[in-house]
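Summary of structural features
For reference, the chains in residue letters:
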Amino acid sequence: MEKSFVFFLRTKIISGKDMVREIPLELERTKSKKPMIVTDKILKEKTNVISKVEEVLDGREYIIFDEVKPDSECSIVDKAYRIAKENGVDSIISVGGGSSIDTAKAVCILYEKGGKIKDHPGVYLLSKETVPHIAVPTTAGTGSEVSHVAVIKDEEEKRKLVYADFYLMPSVAILDPTLTISMPHSVTAHTGMDALTHCIESIHSTVNNPVSDAFALHGIKIIFENLPRVLENPSDIEARQNMQVAAMMGGAAFTNAQVGVVHAIAHSLGAIYGIPHGLANSLMLPYGMSFNLPECPRYKLIAQSIGINESDPEKAGKKLIEKIVEFIKKIGLPTTLKETKIVKKEDFKKIAELSIGDPSIISNPRFAIMEEAIIEILEKAWDGII
Ligand SMILES: [Fe+2]
């Protein structure tokens, strides 16, 4: 190892059954008097997740903003910020999947920057810590509870705006597995595959580093052991907790080591067809890895971590990719693009154009910023050729 790197993680991690009860203590610690819960209507009205949070806040002043949508939008962030300011809110508790956590991060940006969120996309946006943000994820996949990125949809211009700053990492992440039980089967599978993709892509990324490797390798091992368990028995709290921890580790890994071509194509599939992010990653993972294999001896590290004993890096990588395809089948997800019945072959050029402009592609281990490369990956993903 002879290279420079930075690894940054500012989020305090609290993990365990019913650990949502730690919220008041964390509010005390950060001297927060009036938090705003940022969430969505489904969690608020159709599950007991928000009432669990409200129970632990009993006797305190707080308000709830429950208008987050599956893709966080600029107008929703602006509204949440306006309501927070009007009500004297001094901290945020985000409860939900990636979009609630990202909405909360964007509100934190406005606490320093003011104005409209649309005016502030970019990196290194903040000069200091903003309002305390306690993230309480109810899915296990995005890693947003520890990441330094927020993605917000500009609904007027139909594009996604990216905000990145280490001060956007939440102050605290509370991983309470009891809050993930209400997650539908498909969301558990998709978000679990997003977490696996974060771990794998952070290892094959050109800006990998030994610390993110450690997070990612252990994360992969946990996901292989626990995702099938959770899908078989959704109330297996131990496996749920393990998945939350693995997703957090994947978030910490990729936020410091970046991702690659799998995410670049997955973002395009999401933008064009609305395919859920985790499912899009799952569809592309074996084929992105297969494309990278000739220039990625590091896959051997992953192979070893899940018990593949093969000393030749290329053979180890090949066996690993086969094992991943087997794993995706085992958890009941499609392994080819043609099975999706949404993706169209005639769109491959459009998908490729979008993918080569996606920032995720820059750190891919094999140069992929060419339409031909992406189309080759898509062709193989269509037929299932690894
Ligand atoms: Fe992702």
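All values reported here derive from a predicted model rather than from experimental measurement. (Residues numbered from 1 in each chain as written. Predicted model: local features only at pLDDT ≥ 70, side-chain atom pairs only at ≥ 80, totals over all residues. Heavy atoms only, no water.)

Looking only at helices and strands, the chain features 15 helices and nine strands. Computed over its C-alpha atoms, the radius of gyration of the chain comes to 20 Å, within 12% of the 21 Å expected for a compact globule of 386 residues. Residue burial in the chain is summarised as follows: out of 386 residues, 58% are buried. The contacts of the chain with a sequence gap of at least 6 include a subset with a gap of at least 24, amounting to 78%. (Helix = DSSP H or I, 4+ residues; strand = E, 2+ residues; numbered from the N terminus. Rg over C-alpha atoms; globule rule 2.2 N^0.38 Å. Buried < 20%, exposed > 50% of the residue type's maximum accessible area, 1.4 Å probe, protein only. Contact = heavy atoms within 4.5 Å.)

A word on the coordination of the iron ion. Protein-derived coordination of the iron ion comes from Asp194 (OD), His198 (NE2), His263 (NE2) and His277 (NE2), at a distance range of 2.1 to 2.3 Å. Around the iron ion, the four donor atoms are arranged such that angles at the metal cover 84 to 167°; this shape is classified as irregular. On the basis of relative accessibility, which here comes to 30%, the residue His277 falls in the partly exposed class. (Donors = N, O, S within 2.8 Å, 3.2 Å for Na, K, Ca; no water. Tetrahedral: all angles 85-135°; square planar, octahedral: opposite > 155°, others 65-115°.)

Those residues of helix α14 (residues 348–356) not exposed but buried are Phe348, Ile351, Ala352 and Ser355. Considered in projection along α14, the buried side chains sweep an arc of 100° and stay on one side of the axis. (Arc of directions from axis to C-beta.)

Below, the discussion takes up the sheet that holds strand β7 (residues 149–154). The strand order across the open sheet built from three strands is β5-β8-β7, with neighbouring strands paired in mixed fashion. Both outer strands of the open sheet, β5 (122–123) and β7, are each paired with one neighbouring strand and no more. In the sheet, β5 pairs with strand β8 (residues 159–164) via two bridges, with the strands oriented parallel. For Val123, the partnering residue across the bridge sits in β8 and is Ala164. Those strands touched by helix α5 (residues 98–113) are β7 and β8, and its axis lies near 95° from that of β7. (Pairing = 2+ DSSP bridges. Axes fitted to C-alpha atoms, helices over the stretch in contact; angles between N-to-C directions.)

Moving on, we get to the packing of helix α9 (residues 261–273) against α14. The N-to-C vectors of α9 and α14 enclose an angle of 125°; their axes lie 8 Å apart at closest approach. Judged by the inter-axis angle, α9 sits oblique to α14. Considering how the two elements wind past one another, α9 and α14 form a crossing that is right-handed. Mapping the contact onto sequence places Ala264, Ile265, Ser268, Leu269, Ala271, Ile272 and Tyr273 in α9 and Lys350, Ile351, Leu354 and Ser355 in α14. Its residues assigned to classes, the contact of α9 with α14 shows eight nonpolar, two polar and one charged. (Parallel < 35°, antiparallel > 145°, perpendicular 65-115°, else oblique. Left-handed = near helix turned anticlockwise from the far one by under 90°. Nonpolar A, V, L, I, M, F, W, Y, C, P; charged D, E, K, R; others polar.)

Side chains of strand β9 (residues 172–175) alternate between two faces, with Val172 and Ile174 and Ala173 and Leu175 buried alike. Bridge count for strand β1 (residues 12–15) against β9 is four bridges, and the pairing is parallel. Residue pairing for β9: Ile14 is matched across the bridge by Ile174. For strand β6 (residues 133–137) and β9, the ladder comprises two bridges, and the chain directions are parallel. Among the inter-strand pairings, Ala135 is bridged to a residue of β9, identified as Ala173.

Parsing the chain into structural domains produces domain 1 (12–180) and domain 2 (185–383). When each unit is reduced to the centre of its C-alpha atoms, the spacing between domain 1 and domain 2 is 27 Å. Taken together, the contact between domain 1 and domain 2 spans 21 residues of the former and 19 residues of the latter. Regarding the contact of domain 1 and domain 2, the summed buried area is about 1500 Å², with carbon and sulfur atoms giving 64% of it. It is Ala140, Gly141 and Pro177 in domain 1 that bury the most area against domain 2; as a group they hold 30% of the surface buried on that side. Summed over the shared surface of domain 1 and domain 2, the number is zero salt bridges. Across the contact surface, domain 1 and domain 2 share five residue pairs in polar contact (both at pLDDT 80 or more). Residues belonging to the side of domain 1 that touches domain 2 are distributed by class as follows: eight nonpolar, 10 polar and three charged. (Domains from an automatic or database assignment. Buried area = accessible area lost by both parts, 1.4 Å probe. Salt bridge = Lys/Arg side-chain N within 4 Å of Asp/Glu carboxyl O. Polar contact = N/O pair within 3.5 Å; in protein donor to acceptor, adjacent residues only side chain to side chain.)

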